[in-house]
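Residue-level listing of the chains:
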Amino acid sequence: MESAYEIKGVRLWPGWLDRPAQEAMVADIRAVVAAAPLVAPVTPGGRQMSVRMTAAGRLGWVTDRKGYRYDPQHPQGTDWPPIPASVLAVWRALTGLARDPDCCLVNFYGEGARMGLHQDRDEGDFSFPVLSISLGDEALFRIGGVERSDPTQSVWLRSGDVLLMGGPARLAWHGIDRLRPGSSTLLPKGGRLNLTLRVVA
Ligand code: SIN
Ligand code: FE2
């Protein structure tokens, strides 16, 4: 599917999900979180992350003192719930791929949460894109190149926006600098959900 625009090779579909679709997806994610609660992860270096995380799918991305990895189970010792059909539908429509993702990582940003500049490189097959869905408060997304030192550009991601990091942008450095608290009414208590879909292979 043709995207509305590109920034540094990252393709964006602003407002791809309308309000009813966003509400339905939030309900689906609440069910995921009920089965697989959000956890406050720690980096291998022992730093507490400000984002809380869980996942759906065959594999979930986890981090703790043992390292970053994809794990078939939530830290509580249960399989991850399946990826909701509403989320898979976005992947299928926008990537056009026959292969479904293995992981839907769920990031929750409360007030003050951010995500430092990083690459998504624990997947093992970078020929598949990473698709990201934003729900709730607006967030300032920073995108660079494949080198840490490459110049960056920033774009505000709003509720219902979808972006795709694929091709030359698959290994681009990216992160979330800050949220605009109270900018969305989608989540009654505020904050932002970000879903990223990944083929882990
Ligand atoms: C991520 O890079 O894992 C999250 C990006 C975002 O929250 O938009
Ligand atoms: Fe990422």
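Residues numbered from 1 in each chain as written. Chains lettered and ligands numbered in written order. Predicted model: local features only at pLDDT ≥ 70, side-chain atom pairs only at ≥ 80, totals over all residues. Heavy atoms only, no water.

It is worth spelling out the overall build of the protein at this point. A count of helical and extended segments in the protein gives 2 helices and 13 strands. Along the longest, intermediate and shortest principal axes, the C-alpha atoms of the protein span 40 × 40 × 35 Å. The proportion of buried residues among the 201 residues of the protein is 51%. By sequence separation, contacts in the protein at least 24 residues apart represent 71% of the contacts at least 6 residues apart. For the protein, the exposed area adds up to about 9,100 Å²; of that, 53% sits on carbon and sulfur atoms. Mean positive and mean negative side-chain charge positions of the protein (23 and 21 charges, respectively) differ by 5 Å. (Helix = DSSP H or I, 4+ residues; strand = E, 2+ residues; numbered from the N terminus. Buried < 20%, exposed > 50% of the residue type's maximum accessible area, 1.4 Å probe, protein only. Contact = heavy atoms within 4.5 Å. Areas by Shrake-Rupley, 256 points an atom, 1.4 Å probe, with all protein chains shown as cover. Lys, Arg positive; Asp, Glu negative; His and termini not counted. Charge placed at Lys NZ, Arg CZ, Asp CG, Glu CD.)

Right, let's get into the pairing of strand E9 (residues 138–143). Here is the key point about a regular strand: its side chains alternate between the two faces of the sheet. Counting buried positions along E9 gives 5 out of 6 residues, so the element sits mostly inside the fold. Where E9 lies against strand E10 (residues 153–157), 5 bridges are found, and the strand directions are antiparallel. The residue bridging Ile-143 from the neighbouring strand is Gln-153, located in E10. (Pairing = 2+ DSSP bridges.)

Below, the discussion takes up the side chain of His-74. Counting through the fold element by element, His-74 comes out in the loop between strand E5 (67–71) and helix H2 (85–95). At a separation of 2.8 Å, a polar atom in the side chain of His-74 contacts the main-chain carbonyl oxygen of Pro-37. For His-74, the contacting residues outside a window of four places in its chain are Ala-36, Pro-37, Val-39, Thr-54 and Trp-80. (Polar contact = N/O pair within 3.5 Å; in protein donor to acceptor, adjacent residues only side chain to side chain.)

A separate point is the sheet that holds E10. Across the sheet, which stays open at both edges, the 4 strands sit in the order E7-E12-E9-E10 with antiparallel pairing between neighbours. At either end of the open sheet lies a strand with only one pairing partner, and these are strand E7 (115–118) and E10. The mean inter-strand angle of the sheet, taken between neighbouring strand axes irrespective of direction, is 25°. (Axes fitted to C-alpha atoms, helices over the stretch in contact; angles between N-to-C directions.)

It is worth spelling out the site of ligand 1 at this point. Residues in contact with ligand 1, as listed here, are Asn-107, Tyr-109, Met-115, His-118, His-174, Ile-176, Arg-192, Asn-194 and Arg-198. Note that an oxygen atom of ligand 1 is positioned 2.5 Å from one of the side-chain N or O atoms of Tyr-109. Within the complex, 96% of the 260 Å² of free accessible area of ligand 1 lies under protein. Given that more than half its atoms are within 2 Å of the pocket grid, ligand 1 belongs to the largest pocket. Elements with a minimum of two residues in the shell around ligand 1: strand E6 (103–109), E7, strand E12 (174–180) and strand E13 (192–198). With 3 residues, E13 is the largest single contributor of residues to the shell around ligand 1. Residue composition of the shell around ligand 1, grouped by class: 3 nonpolar, 4 polar and 2 charged. (Near = heavy atom within 4 Å. 1 Å grid on protein atoms, 1.4 Å probe; cavity = no way out; pocket = protein on both sides within 12 Å on 5 of 7 lines; lining within 4 Å. Sits in = over half its atoms within 2 Å of the grid points. Nonpolar A, V, L, I, M, F, W, Y, C, P; charged D, E, K, R; others polar.)

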